Amino acid sequence: MAGVTNVAFRTLCRELEQSRSGTVSGLYVCEMVTARALVERHPVTMHMTTFGPDESPRSLQLYTVDPATTFDAAKMIVDDDLADHIDLNFGCPVPKVTRRGGGAALPYKRRLFGQIVAAAVRATEGTSVPVTVKFRVGIDDAHHTYLDAGRIAEREGAAAVALHARTAAQRYSGSADWNRIGELKQAVTSIPVLGNGDIFEARDACAMMAATGCDGVVIGRGCLGRPWLFAELSATFNGVPAPAPPTLGEVADIIRRHATLLAAHFGEDKGLRDIRKHIAWYLHGFPAGSDLRRALALVKSVDELDLLLDQLDPDVPFPAAAHGARGRQGSPGSVTLPEGWLDDPDDATVPTAADVMNSGG
């Protein structure tokens, strides 16, 4: 997730999984970067692809719209040993992306979508770097693309596919339709199918897999303010008791560690600005008081953060109100598309200027 799954957050998740479940079994994907910016070696983008010294496997997520740029980016990843896994993400539903034909709009163009997947697979041929593909159910209820996208990705050599079981029109609202994941699993038979959408607890992952037959799960908003979720998933999948949810004191220690990692990655000023949004997710459902929450929302240094966190009651147990949905929800809406985008699904023309999104990182 953009602005969230940087090296600091991934390191924290791995540490918590190791300490709480005794193993690291999750695949932690870096925040999405633009293929064009990667090929151009933009400094901000290159910084976004930072991995920890002991991080393995290193998973790099690409936003892309152009087969040629996709090939160049994937080849660069392989040749420069930038990552061990490439994930092509076609799930973004935000208007500034779809209006240019990128993100969740692109799989509607079946030939272009297939050419992009094929380009990434071709660039990694003969290496141990797999290419996986994530997409949504479709643009809206009148334009579903997930079954075609899954079959195309399978045909072009993707190692796995993941489905966020919402349309772009839903954005993050309402409920994910897990039935679509089951349908994709029936349509794609030779590679793993992963499910995504509305997994906020380990039991949600078990319920999705039981209901759909999918081979695994992808976590997005569920880990916001809950980096220990992966430890719970690991324990559950390995048939051992899940660790107890953290107390408020333990959450405060996790916030401190997260802030320290962010300061090391970005510098203290930017790192502490970045931790602010995470603090709101961390304290969701906990008693903290409006004055303290406001002060934490303006925190500027690690020392100030320590002083503020010391005001929390460390013995408060994890509250029932802290469970459930977090992060963006909002409302559904019409999907903004390039003019004439829906006229010909077999048109393989690269959308104009769609690859400049986030070209600065």
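See above for the structure.
Residues numbered from 1 in each chain as written. Predicted model: local features only at pLDDT ≥ 70, side-chain atom pairs only at ≥ 80, totals over all residues. Heavy atoms only, no water.

Q: Now, about the overall build of the protein: what can you tell me, with residues and values included?
A: For the protein, the helix and strand inventory stands at 14 helices and eight strands. Computed over its C-alpha atoms, the radius of gyration of the protein comes to 20 Å, within 12% of the 21 Å expected for a compact globule of 361 residues. Considered along the principal axes of its C-alpha atoms, the protein spans approximately 60 × 45 × 40 Å. With 361 residues in all, the protein has 52% of them scored as buried. The long-range fraction of contacts in the protein, counting pairs at least 24 apart against all pairs at least 6 apart in sequence, stands at 74%. For the protein, the accessible area works out to roughly 14800 Å², and carbon and sulfur atoms hold 51% of it. (Helix = DSSP H or I, 4+ residues; strand = E, 2+ residues; numbered from the N terminus. Rg over C-alpha atoms; globule rule 2.2 N^0.38 Å. Buried < 20%, exposed > 50% of the residue type's maximum accessible area, 1.4 Å probe, protein only. Contact = heavy atoms within 4.5 Å. Areas by Shrake-Rupley, 256 points an atom, 1.4 Å probe, with all protein chains shown as cover.)

Q: Summarise the pattern of salt bridges; cite the residues concerned and give the values.
A: Counted by the stated rule, this structure contains 23 salt bridges. The closest approach of N and O atoms between Arg-166 and Asp-198, which form a salt bridge, is 2.7 Å. Of this pair, Arg-166 sits in strand S6 (residues 160-167) while Asp-198 is found in the loop between strand S7 (193-196) and helix H9 (202-212), placing the two residues 32 residues apart along the sequence. On the basis of relative accessible area, Arg-166 is assigned to the buried category, the value being 1%. Among the ionic pairs, Arg-273 bridges to Asp-269, the shortest N-O distance being 3.1 Å. With Arg-273 and Asp-269 both in helix H12 (residues 268-282), this residue pair falls four residues apart, about one helical turn. On the basis of relative accessible area, Arg-273 is assigned to the partly exposed category, the value being 43%. Residues joined in a network through salt bridges with shared partners are Arg-110, Asp-148, Arg-151 and Asp-346. (Salt bridge = Lys/Arg side-chain N within 4 Å of Asp/Glu carboxyl O.)

Q: Can you lay out helix H10 (residues 229-237) for me, pointing to particular residues and giving the numbers?
A: Here H10 lies mainly inside the structure; seven of its nine residues are buried. Along H10, the residues that are buried comprise Leu-229, Phe-230, Ala-231, Glu-232, Leu-233, Ser-234 and Ala-235. Where H10 ends, the next residue or the one after it, Gly-239, has phi of about 70°, a positive value.

Q: How would you summarise the packing of helix H11 (residues 248-266) against helix H14 (residues 302-309) if you had to cite specific residues and measurements?
A: The contact between H11 and H14 brings their axes to 11 Å, and the two run at 175°. By the angle class used here, H11 and H14 are roughly antiparallel. Here Ala-252, Ile-255, Arg-256 and Ala-259 of H11 come into contact with H14, specifically with Leu-305, Asp-306 and Leu-309. Classifying every residue of the contact of H11 with H14 by side-chain character gives five nonpolar, no polar and two charged. (Axes fitted to C-alpha atoms, helices over the stretch in contact; angles between N-to-C directions. Parallel < 35°, antiparallel > 145°, perpendicular 65-115°, else oblique. Nonpolar A, V, L, I, M, F, W, Y, C, P; charged D, E, K, R; others polar.)

Q: Tell me about helix H8 (residues 178-187), and name the residues and values.
A: All of the buried residues along H8 are Ile-181, Gly-182, Leu-184 and Ala-187. Contacts from the buried residues of H8 go to strand S4 (131-140), helix H7 (146-155), S6, S7 and H9.

Q: Describe the environment of Asn-238, and please don't skip the residues or the numbers.
A: Assignment of secondary structure puts Asn-238 in the loop between H10 and H11. Distance from Asn-238 to Gly-222, taken between C-alpha atoms, is 20 Å for residues 16 residues apart in sequence. For Asn-238, the side chain forms a polar contact with the main-chain oxygen of Ser-234, separated by 2.8 Å. (Polar contact = N/O pair within 3.5 Å; in protein donor to acceptor, adjacent residues only side chain to side chain.)

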